[in-house]
Amino acid sequence: QVQLVESGGGLVQAGGSLRLSCAASGRTFSRYTMGWFRQAPGKEREFVAAISWSGGNTDYADSVKGRFTISRDNAENTVYLQMNSLKPEDTAVYYCAADPLPFVIRGGYDYWGQGTQVTVSS
């Protein structure tokens, strides 16, 4: 089992940047595919990005491709989401998720964090 705690959310102006972090418990972090999702008010939760065990494979939603970068530090049990050129439509609660499958996936994650709020003002 793994527990996930997100941090790094906040209020930023459009065009700005934020870096989200997700700290994971457990000794087998390197054997979990990690993902980021977001949920805006009144909308369903949506996939943002995912990264494989070693970090060699990544996947992004079209809406964030070229602006967001997912990365991981297996020695620190942490996954990151660097968000650049933020837009008001990026406003949402951002969640990190973990799954033991050895490849990137866009859904079906087993473990979830509590979320961190990101608000982008225009």
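Shown above is the structure to which this text applies.
These lines cover the structure that appears in this document, whether it is placed above or below. (Residues numbered from 1 in each chain as written. Predicted model: local features only at pLDDT ≥ 70, side-chain atom pairs only at ≥ 80, totals over all residues. Heavy atoms only, no water.)

1. Some points on the overall build of the protein
Consideration 1: Helix and strand counts for the protein come out as zero helices and 11 strands.
Consideration 2: Start at the N end of the protein and walk to the C end: the helices and strands fall as β-β-β-β-β-β-β-β-β-β-β.
Consideration 3: Rg of the C-alpha trace for the protein: 13 Å, near the compact-globule value of 14 Å for 122 residues, within the 12% margin.
Consideration 4: The principal-axis extent of the C-alpha atoms belonging to the protein is close to 40 × 25 × 25 Å.
Consideration 5: Counted over contacts in the protein with a minimum sequence separation of 6, partners at least 24 positions apart contribute 59%.
Consideration 6: Averaging the positions of the 11 positive and the 11 negative side-chain charges in the protein gives two centres separated by 2 Å. (Helix = DSSP H or I, 4+ residues; strand = E, 2+ residues; numbered from the N terminus. Rg over C-alpha atoms; globule rule 2.2 N^0.38 Å. Contact = heavy atoms within 4.5 Å. Lys, Arg positive; Asp, Glu negative; His and termini not counted. Charge placed at Lys NZ, Arg CZ, Asp CG, Glu CD.)

2. As for the packing of aromatic side chains
Consideration 1: Tallied over the full model, the rule gives five aromatic pairs.
Consideration 2: Three or more aromatic residues joined by ring pairs make a cluster, and in this case those are Phe-37, Phe-47, Tyr-109 and Trp-112.
Consideration 3: The cationic tip of Arg-45 hangs over the ring face of Tyr-95; the distance from NZ or CZ to the ring centre is 5.9 Å.
Consideration 4: The positively charged end of Arg-72 is found above the aromatic ring belonging to Phe-29, 4.5 Å away from the centroid. (Phe/Tyr/Trp six-rings, centres within 6.5 Å; stacked < 30°, edge-to-face > 60°. Lys NZ or Arg CZ within 6 Å of the ring centre and 35° of its normal.)

3. Points about the pairing of strand 8 (residues 78-83)
Regular strands place their side chains on alternate faces of the sheet.
Consideration 1: Taking burial as the measure, the six residues of strand 8 include five buried ones, the bulk of the element.
Consideration 2: With six bridges joining them, strand 3 (residues 18-24) and strand 8 adopt antiparallel strand pairing. When the bridges of strand 8 are listed, Leu-20 appears paired with Leu-81.
Consideration 3: From the end of strand 7 (residues 68-73) to the start of strand 8, which pair antiparallel, there are four residues, and Asn-77 there has a positive phi angle of about 55 degrees. (Buried < 20%, exposed > 50% of the residue type's maximum accessible area, 1.4 Å probe, protein only. Pairing = 2+ DSSP bridges.)

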